[in-house]
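Descriptive structure summary
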Amino acid sequence: MNLLEVKSICKIYGSDEAAVHALKDISFTVPKGEFVAVVGESGSGKSTLLNMLGALDTPTSGKVFIDGNDTFKMKERQLTVFRRRNIGFIFQAFNLIPELTVEQNIIFPVLLDYQKPDKKYLEELLTVLGLKERRNHLPSQLSGGQQQRVAIGRALYTRPSLILADEPTGNLDSQNSSEVIALLKEAAKKYEQTIVMITHSPGIAQTADRVLRVSDGMLTDFGRCLE
Ligand SMILES: Nc1ncnc2c1ncn2[C@@H]1O[C@H](COP(=O)(O)OP(=O)(O)OP(=O)(O)O)[C@@H](O)[C@H]1O
Ligand SMILES: [Mg+2]
């Protein structure tokens, strides 16, 4: 069963002479539980693609199905809820809420959904992410690696079927990067989550089940091979 199905996505920014063809007829599928790395030069269209997968932006044409749901057919409010429940986002800039503690940042998406936080899972995540002693700290009191682990905790906490990550280790040193990726993979395996991760790191791409290369808005599937 494919968790993600991308059909002929095109994205054009602007119009006339200023038009940028950022994505040119991209199609691919990702089976449930797969860890896909997306690589490619700066400006090739990786973030644009990830934004389409997460329905953060709409394509000029084409479709995206997540778990069989046609995301661009949904109404805005329906999509907001769908996104919150089914997709975990991790960005290079951690995007934590500065006024909230580690613990509050992690449970925030669940509170937004008017649901009761799962205390047991929170403890589990804090332990796995090595944040137990930092649970009442504010983001400004944490190191970069710790802040990114909070962002990962927040993305995992709703147990989304799809995790979208845009250079999640871009701000981390290599030691912290490997730790963060290992944690993410461990959690994803446990809950059969699918990961699509943009990375500039050949080391990280090497650990993926599959590597997709974006080049000038076009996609090549490299399978398990890296060139
Ligand atoms: N909002 C926008 N308006 C116009 N052009 C845009 C917009 N966002 C991105 N682009 C253009 O689309 C192309 C793809 O950009 P994108 O951000 O997807 O690249 P990327 O592969 O993520 O690069 P990087 O590795 O530097 O993050 C670039 O040429 C960029 O200038
Ligand atoms: Mg980018």
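Look up: the structure comes first, before these words.
Residues numbered from 1 in each chain as written. Chains lettered and ligands numbered in written order. Predicted model: local features only at pLDDT ≥ 70, side-chain atom pairs only at ≥ 80, totals over all residues. Heavy atoms only, no water.

Points about the packing of aromatic side chains
If you walk through the whole model with that rule in mind, you get three aromatic pairs. Geometrically, the ring pair formed by Phe-89 and Phe-91 is stacked, given 5.9 Å between the ring centres and 5° between the ring planes. Relative accessible area serves as the criterion here: at 17%, Phe-89 is assigned to the buried category. By relative accessible area, which is 24% here, Phe-91 ends up partly exposed. With centroids separated by 5.4 Å and ring planes inclined at 80°, the aromatic side chains of Tyr-121 and Tyr-191 adopt a geometry described as edge-to-face. One end of the pair, Tyr-121, is in helix 4 (residues 119-128); the other, Tyr-191, is in the loop between helix 6 (174-190) and strand 8 (194-198), and 70 residues separate them in sequence. The class for Tyr-191 is partly exposed, based on a relative accessible area of 26%. (Phe/Tyr/Trp six-rings, centres within 6.5 Å; stacked < 30°, edge-to-face > 60°. Buried < 20%, exposed > 50% of the residue type's maximum accessible area, 1.4 Å probe, protein only. Helix = DSSP H or I, 4+ residues; strand = E, 2+ residues; numbered from the N terminus.)

Observations regarding the sheet that holds strand 2 (residues 20-31)
Taken in spatial order, the four strands of this open sheet run 2-1-4-5, and their pairing is antiparallel. Each having just a single partner strand, strand 2 and strand 5 (69-70) make up the two edges of the open sheet. By the bridge criterion, five bridges tie strand 1 (residues 2-13) to strand 4 (residues 61-66) in an arrangement that is antiparallel. Note that in strand 4 the partner of Glu-5 across the bridge is Phe-65. Running over the sheet, helix 1 (residues 46-53) touches strand 1, strand 2 and strand 4 and is turned about 55° from strand 2. (Pairing = 2+ DSSP bridges. Contact = heavy atoms within 4.5 Å. Axes fitted to C-alpha atoms, helices over the stretch in contact; angles between N-to-C directions.)

Thoughts on the environment of Leu-131
On the secondary structure map, Leu-131 appears in the loop between helix 4 and helix 5 (144-157). With a relative accessible area of 0%, Leu-131 lands in the buried category. Residues in contact with Leu-131, not counting those within four places in the same chain, are Val-102, Leu-126, Gln-146, Arg-149 and Val-150.

Concerning the site of ligand 1
Near ligand 1 there are 13 residues, and of these Ser-42, Gly-43, Lys-46, Ser-47 and Thr-48 occur at the shortest range. Protein burial of ligand 1: of its 640 Å² of free accessible surface, 58% is covered by the chains. Counting only elements with at least two residues in the shell around ligand 1, the list comes to strand 2 and helix 1. At three residues, helix 1 tops the list of elements feeding residues into the shell around ligand 1. Here the residues of the shell around ligand 1 sort into three nonpolar, seven polar and three charged. (Near = heavy atom within 4 Å. Areas by Shrake-Rupley, 256 points an atom, 1.4 Å probe, with all protein chains shown as cover. Nonpolar A, V, L, I, M, F, W, Y, C, P; charged D, E, K, R; others polar.)

Here we look at unusual backbone geometry
One non-glycine residue with positive phi stands out, namely Ala-55, at about 55°. Within the secondary structure, Ala-55 sits in the loop between helix 1 and strand 4. Note on Ala-55: relative accessible area 7%, which makes it buried. You will see that Glu-167, though not glycine, has its phi angle at about 45°, which is positive. By the element assignment, Glu-167 lies in the loop between strand 7 (162-166) and helix 6. Accessibility expressed as a relative area gives 18% for Glu-167, which makes it buried.

Regarding the packing of helix 4 against helix 5
Helix-helix packing is described using two parameters, namely the angle between the two axes and the distance between the axes. Where helix 4 contacts helix 5, the axes come no closer than 10 Å and their chain directions differ by 145°. Helix 4 and helix 5 meet at a crossing whose hand is right-handed. Along the contact surface, helix 4 presents Lys-119, Tyr-121, Leu-122 and Leu-125, while helix 5 presents Gly-153, Leu-156 and Tyr-157. Split into classes, the residues belonging to the contact of helix 4 with helix 5 amount to five nonpolar, one polar and one charged. (Left-handed = near helix turned anticlockwise from the far one by under 90°.)

Side note on the nonpolar core
By size, the foremost hydrophobic cluster in this structure holds 38 residues, and its most contacted members are Leu-156, Tyr-157 and Met-197. Those residues in contact with Tyr-157, other than ones at most four positions away along the chain, are Ile-106, Ile-107, Val-110, Pro-117, Asp-118, Lys-119, Tyr-121, Leu-122 and Leu-125. Of all hydrophobic cores here, the second largest spans 28 residues; its members include Leu-4, Val-6, Leu-50 and Leu-212. (Core = buried A, V, L, I, M, F, W, Y, C linked by side-chain atoms within 4.5 Å.)

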